[in-house]
Amino acid sequence: GSRAPSQSLALNTHTHPMAERKPKASTAALAAPFLALPNLASETLGARICFATDEFFAAGRNMLQDHAAEWKEGVYTEFGKWMDGWESGRKRTAGHDWCIVKLATPGVIQGFHVDTSFFTGNFVPRVSIQAAGPEIVETNEMRNWRSAMGNFATAEDFAAVEPLHSEKWDVLLPRTPLGPGFKDTCNHYFPVANGKTYAYIRVNIFPDGGIARLRVHGRVQAPAKASDEPIDLISILNGGNIVGWSGFDFGTHPRMLLLPGRGTGMYDGWETARKTERDAILTPNAKGHIEFNATDYVIIELGTPGIISRVEIDTLHFKGNSPESFYLEGCNAARKVDLTRVPLSAADAAALGKWTPIVERSKLKSHDRKYFSVASRNVYTHVRLTIFPDGGVSRLRLWGTPADQAKSSKL
């Protein structure tokens, strides 16, 4: 089936007649602070299916998509009803179905979000999840696995993964019941507190069925710097994370600022709604900036404390809705943000430490990329991007050197 453009936390506008039951009041999402962390099983970031016993009705890679699961009324394939997720055939042999996912980057898993949306009569009744670290050596078969509808693992495929002994990997989620894909029963949140770094997971379904989406939220293990070249200190793949924001709209999310590559469309970035409290007639100040009585902001935690040498801000695809200008400041906090406090309040942000300017208020252009050199040798753990007054930004990069590496280079 066709796929919508990749966009994290997109709104689901497709309806399913069986999914319209009145939802019960639930605080499950609020009770899962790990949702504030990046999804290590995002295909956009590089996660992929390495093996699956059975992908007859729907490919395993569908579970790794960032956009919300879709329903397509009356759409069928040669294998059956089109479903947006991983769905195996009805098992008629011994055992159960399972798959192996290589995470986008090694990380400390903090929790799982298992979503059975739209799988109402064909959902997975029970699931368990195991994991293994970066020491796993992939076989050629795993590297070349093509996740596709209609797949069955052959005897040769099973033989290729048998040396991994994946059935003995660490159990992060024991066998646990799942609910059907109605609005009030589709979302399942499972915290993990083992603290180890993992690079692969094995998803066991008992005995068969469908899962719409699998999110593996965790803290990225910041990779060792391979050269003397600056790295993007806030990239998701280097451990950057969004910990505060004033708002977001139109299916976007501040986390998209930290994604690799340039944006692919206006849906691929951070955009806020128009500030209705703006003055009726806008006027410039002495420095040439428009006077606004409102702003939007996002607070970012660096993957590791670092010294910023260059700022890159990109408004690609935001042609009539980019900010007039921006301001960037930073602080050096004593510790990482408590996930239960995300998104940070103004008081929480102030308590992180003293905020100092990195880039003074500067003009932006629509559909454009700008660079700013930073002379300061200050060490930062968090930055706050403020836009005037609202609008969209596609990507933000903070190029620099991890503080511990900068320190060791002087020894």
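Residues numbered from 1 in each chain as written. Predicted model: local features only at pLDDT ≥ 70, side-chain atom pairs only at ≥ 80, totals over all residues. Heavy atoms only, no water.

## Overview of the overall build of the protein
Formally: Per the convention used, a helix needs a DSSP run of H or I reaching at least four residues, while a strand needs a run of E reaching at least two, with both numbered from the N terminus. For each residue, the accessible area found with a 1.4 Å probe, counting protein chains only, is set against the maximum for its type, and the residue is called buried under 20%, exposed over 50%, and partly exposed in between. Note on contacts: a residue pair qualifies if any of its non-hydrogen atoms lie within 4.5 Å across the two residues. For every accessible area listed, the method is Shrake-Rupley and the probe measures 1.4 Å; residues are considered covered only by the protein chains on display.
Scanning the protein for helices and strands turns up 4 helices and 21 strands. Going through the 411 residues of the protein one by one, you find that 54% of them count as buried. The contacts in the protein between residues at least 6 apart in sequence include a share of 84% that link residues at least 24 apart. Approximately 18,600 Å² of the protein is accessible, and the part contributed by carbon and sulfur atoms is 54%.

## What to know about unusual backbone geometry
Look at the link from F206 to P207: it is a cis peptide, with omega at -10°. For the bond from F388 to P389, the omega torsion is -20°, close enough to zero to count as cis. Located in the positive-phi region is F118, a residue other than glycine, with phi close to 75°. Mapped onto the elements of the fold, F118 is located in the loop between β4 (97–115) and β5 (126–132). Notably, F250 is not glycine yet its phi reads approximately 60°, a positive angle. Note on placement: F250 falls in the loop between β13 (241–245) and β14 (270–271).

## Thoughts on the state of the cysteines
Defined simply, a disulfide is a covalent bond joining two cysteines at their sulfur atoms. Selection rule: In this description, a disulfide is simply a cysteine sulfur pair whose atoms lie within 2.5 Å.
In the structure shown here, the tally under the stated rule is 0 disulfides. Looking at C99, it has no disulfide partner, and the nearest cysteine sulfur is the one in C50, 9.4 Å off. C99 gets classed as buried once you look at its relative accessible area, which sits at 1%.

## Things to note about the environment of A160
With respect to the helices and strands, A160 occurs in helix α2 (residues 155–161). C-alpha of A160 to C-alpha of M142: the two residues are 18 residues apart in sequence and 7.8 Å apart in space. Dropping the residues within four chain positions of it, A160 is found in contact with T139 and E141.

## Remarks on the confidence of the model for the protein
Rule in force here: A score between 0 and 100, pLDDT records how confident the predictor is in each residue.
Looking at the protein, pLDDT values average 91 and 90% of them are 70 or higher. Taken as a whole, residues 1–29 scores under 50 in pLDDT and shows 63 contacts with residues more than four places along the chain or in a different chain.

## Regarding the pairing of β13
Our working rule: We treat two strands as partners when DSSP finds at least two bridges between them.
Here β13 lies mainly inside the structure; 4 of its 5 residues are buried. Here 4 bridges tie β13 to strand β15 (residues 296–314), and the two strands are oriented antiparallel to one another. By the bridge assignment for β15, I242 is matched with I300.

## Thoughts on the side chain of E87
Let me state the cut-off plainly: Positive: Lys, Arg. Negative: Asp, Glu. His and the chain ends are not part of the count. Should a side-chain nitrogen of Lys or Arg be within 4 Å of a carboxyl oxygen of Asp or Glu, the pair is scored as a salt bridge.
With respect to the helices and strands, the residue E87 is situated in strand β3 (residues 86–87). Lacking a salt bridge, the buried E87 has R90 as its closest oppositely charged neighbour, with an N-O distance of 6.7 Å. Sequence-distant contacts of E87, defined by excluding residues within four places in its chain, comprise E55, F56, F57, A58, F119, N122, G209 and G210.

## Observations regarding the nonpolar core
Note that soluble globular proteins tend to have their nonpolar side chains buried in a common cluster. Stated formally: Nonpolar cores were defined as sets of buried Ala, Val, Leu, Ile, Met, Phe, Trp, Tyr and Cys residues, with membership established by side-chain atoms within 4.5 Å.
Counting residues in each nonpolar core, the largest one holds 45 residues, and the members touching the most others are I100, I109, F112, V127 and I201. For this core, the secondary structure elements donating two or more residues are β1 (48–52), β4, β5, β7 (170–177), β9 (197–206) and β11 (213–220). By residue number, the principal contributor to this core is β4, which donates 8 residues. Other than its neighbours up to four places away in sequence, I100 contacts R48, I49, C50, F51, M142, L164, S166, W169, Y200, I201 and R202. The next biggest cluster of nonpolar side chains, apart from the first, holds 31 residues, and it includes L259, V298, I300 and F372.

## A short note on the side chain of T176
Checked against the element boundaries, T176 lands in strand β7. Classification of T176 as buried rests on a relative accessible area of 16%. Not counting the four nearest positions on each side in its chain, T176 is found in contact with P125, R126, V127 and F190.

## Remarks on the packing of aromatic side chains
What counts, and what does not: When two rings of Phe, Tyr or Trp (its six-membered ring) have centres within 6.5 Å they constitute a pair, described as stacked for plane angles under 30 degrees, edge-to-face for angles over 60, and tilted for the intermediate range. Think of it as a cone above the ring: NZ of Lys or CZ of Arg counts as a charge over the ring if it is within 6 Å of the ring centre and within 35 degrees of the ring normal.
Per the counting criterion, the structure on display carries 10 aromatic pairs. Between F51 and F158, the ring centres sit 5.4 Å apart and the planes meet at 70°, which makes this aromatic pair edge-to-face. Separated by 107 residues along the polypeptide, F51 in strand β1 and F158 in helix α2 bring together distant segments of the chain. On the accessibility criterion, F51 (1% relative accessible area) is buried. Note on F158: relative accessible area 35%, which makes it partly exposed. Seen from their ring centres, W71 and F118 are 6.1 Å apart, and the 35° between their planes marks the pair as tilted. Taken together, the positions of W71 in the loop between β2 (54–55) and β3 and F118 in the loop between β4 and β5 put the pair 47 residues apart, joining distant regions of the chain. As far as burial versus exposure is concerned, W71 and F118 are alike and both buried. Between the NZ or CZ atom of R202 and the centre of the ring of W98, over which it lies, the distance is 3.7 Å.

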